[in-house]
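Each chain, letter by letter, is given below.
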Amino acid sequence: MKHKVTYLNKCILFAVIALCVNTVVAKDIMAQYDKARRNLIHQKPLIDKASNKDCLACHQEILKRNIRQVSPAGVKAKESLAWYQTLDTYKGEQKTFHQRHLVTPLAKELTNLKCNTCHQGNDLREESVIPPDSNNTTRTQRKHVNPNVCLMCHGKMNVAVMGIPESWEKNGKLFNNDCLTCHATIRTNRHKVNFLNAEAIEASAKSHKDTCFGCHGGRAWYRIVYPYPRHKWENMSETIPDWAKNRPTESDPRFLIKK
Ligand code: HEC
Ligand code: HEC
Ligand code: HEC
Ligand code: HEC
Ligand code: HEC
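Per chain, residue numbering runs from 1 following the sequence as it is written. Chains carry letters and ligands carry numbers; both start at the beginning, A for chains and 1 for ligands, and go up in the order they are written. Restriction of local features to residues with pLDDT of at least 70 applies here, the model being predicted, together with a cutoff of 80 or more for giving and counting side-chain atom pairs; totals for whole chains, interfaces and linings are based on all residues. Hydrogens and water molecules were not included; the side-chain quantities draw on all heavy atoms of the structure.

A. Summary view of the site of ligand 3. Being near a molecule or strand, for a residue, comes down to having at least one heavy atom within 4 Å of it. Residues in contact with ligand 3 amount to 19 residues; listed here are only the nearest, Y84, H101, C150, C153 and H154. Here a polar contact is recorded for every N or O atom pair within 3.5 Å, except that within protein the pair must consist of a potential hydrogen donor and a potential acceptor, and residues adjacent in sequence are included only if both atoms are side-chain atoms. The side chain of R100 places a nitrogen or oxygen atom 2.7 Å from an oxygen atom of ligand 3. Within the side chain of H101, an N or O atom sits 2.8 Å from a nitrogen atom of ligand 3. For helices the rule is a DSSP run of H or I covering at least 4 residues; for strands it is a run of E covering at least 2, with both sets numbered from the N terminus onward. When residues of the shell around ligand 3 are traced back to their parent elements, those giving at least two are α5 (97-102) and α8 (147-154).

This is the structure we're talking about:
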């Protein structure tokens, strides 16, 4: 009997110790998690200096997580293709948003997007500016990104300023479906920003006529156009057209390639 009690006591003692250790460890994990969540790298000025590697040290889920094969309502991913997913540039299975912009073959070939190209930190005081407007572009809530960033690659094609009637889909054939028919000599000083691979884009456009359209109307999630900066180019005319009078002549400073 005495022997049994000791055994029971030992068990209880062990259980109590385990519970204590568990609570301490769990508390410690929660404290660490909270600390990480509030890490100042999520805010300015640190977010501007962060490399993808810095963010991925904690956020591997962003690249590793995969899409559901079947939606909660039972629709199979394989059976629900959007039109752009049928293009020959769309390689492989469906992927998450982040994978499509960071690691899929097309993204790697033509772009060099950084976490902080899109994620810009939020203003602790204002908490958020919703919707982010063109006068307050630098401090949108950190889980939100400024849609102007997306608009650069997902806006409508501004055919009006190009003297192209109606749409590219309808009238591209007048120009051999090739943007370079005109853009071999017009606005040639382009894409010199830290999130695009300028040379690879020009090289790709020579063999794939849809490369340019892909970012300038072909995947237009927006109905509006993006007012691109208008860099000087060789042999440009001195007269500035009315629509271009308020345009910047340089890319946003945060996108400039540091020499
Ligand atoms: C020290 C670890 C750590 C680093 C480094 C880190 N994060 Fe986080 N981040 C977290 C944790 C933890 C959360 C909370 C996650 C949750 O609650 O789901 C979080 C949340 C977020 C969220 C979700 C939005 C929100 O407000 O909850 C975004 C977006 C984010 N991080 C982006 C970034 C970016 C971009 C970088 C690099 C500039 C970065 N993080 C660097 C740990 C980190
Ligand atoms: C092309 C723009 C873009 C790039 C590049 C980008 N993100 Fe995001 N990210 C977004 C958008 C848009 C959301 C969704 C925002 C929302 O839900 O309001 C998001 C959401 C997130 C979230 C929170 C939601 C989730 O999916 O867990 C985290 C964390 C995050 N991004 C981290 C990162 C990290 C780390 C990188 C770099 C490796 C990165 N992002 C690169 C646009 C981007
Ligand atoms: C530098 C140009 C660029 C920027 C900036 C950009 N995208 Fe994209 N986006 C692309 C390209 C290119 C693809 C096609 C990738 C492919 O087909 O593999 C794409 C694909 C997509 C897709 C389809 C993904 C799929 O697999 O179905 C969505 C949705 C999307 N972008 C939304 C956004 C949003 C929202 C933002 C802003 C947070 C954004 N993009 C910023 C270039 C860009
Ligand atoms: C008929 C000749 C012509 C063709 C074809 C053409 N463009 Fe243009 N594009 C122009 C002209 C002209 C401008 C304005 C030049 C200026 O700034 O004065 C322009 C401007 C642009 C701009 C800047 C718009 C802005 O608001 O600043 C982009 C982006 C562009 N073109 C992309 C394309 C793409 C992509 C294609 C093919 C899908 C294409 N263009 C086909 C003549 C053309
Ligand atoms: C991966 C997406 C992507 C592709 C592909 C792409 N563009 Fe762009 N383009 C952009 C972005 C983003 C900008 C704005 C960059 C900046 O802020 O300076 C831009 C800017 C421009 C401009 C404005 C130039 C100026 O004065 O600064 C023209 C013109 C243009 N692109 C034409 C083209 C043509 C022609 C092609 C094909 C050879 C092409 N684009 C392919 C994303 C793309």
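Don't stop here, the text continues.
B. A look at the pattern of salt bridges. One speaks of a salt bridge when a side-chain nitrogen belonging to Lys or Arg is within 4 Å of a carboxyl oxygen belonging to Asp or Glu. This structure, assessed with the given rule, holds 6 salt bridges. Its salt-bridge partner being E166, residue K170 comes within 2.9 Å of it at the nearest N-O pair. Think of it in three bands: with a 1.4 Å probe and only protein chains considered, a residue is buried below 20% of the maximum accessible area for its type, exposed above 50%, and partly exposed in between. Residue E166 is classed as exposed on the basis of its relative accessible area of 57%. For E202, the salt bridge identified is with R190, shortest N-O distance 2.8 Å. Taken as a pair, E202 in helix α12 (residues 198-207) and R190 in the loop between α11 (180-183) and α12 lie far apart in primary sequence, 12 residues in all. Taken together, the salt bridges that share partners define one network made up of D34, R37 and R38.

C. How the structure looks around the environment of H216. Assignment of secondary structure puts H216 in the segment after α13 (211-215). Looking at H216, the relative accessible area reads 28%, which means it is partly exposed. Pairs of residues are marked as contacts when any of their non-hydrogen atoms sit within 4.5 Å. Not counting chain neighbours up to four residues away, the residues in contact with H216 comprise M152, G155, K156, M157, H191 and Y228. A polar contact of 3.0 Å, which involves the side chain of H216, links it to the side chain of Y228.

Shape is all these values report; function is a separate question.
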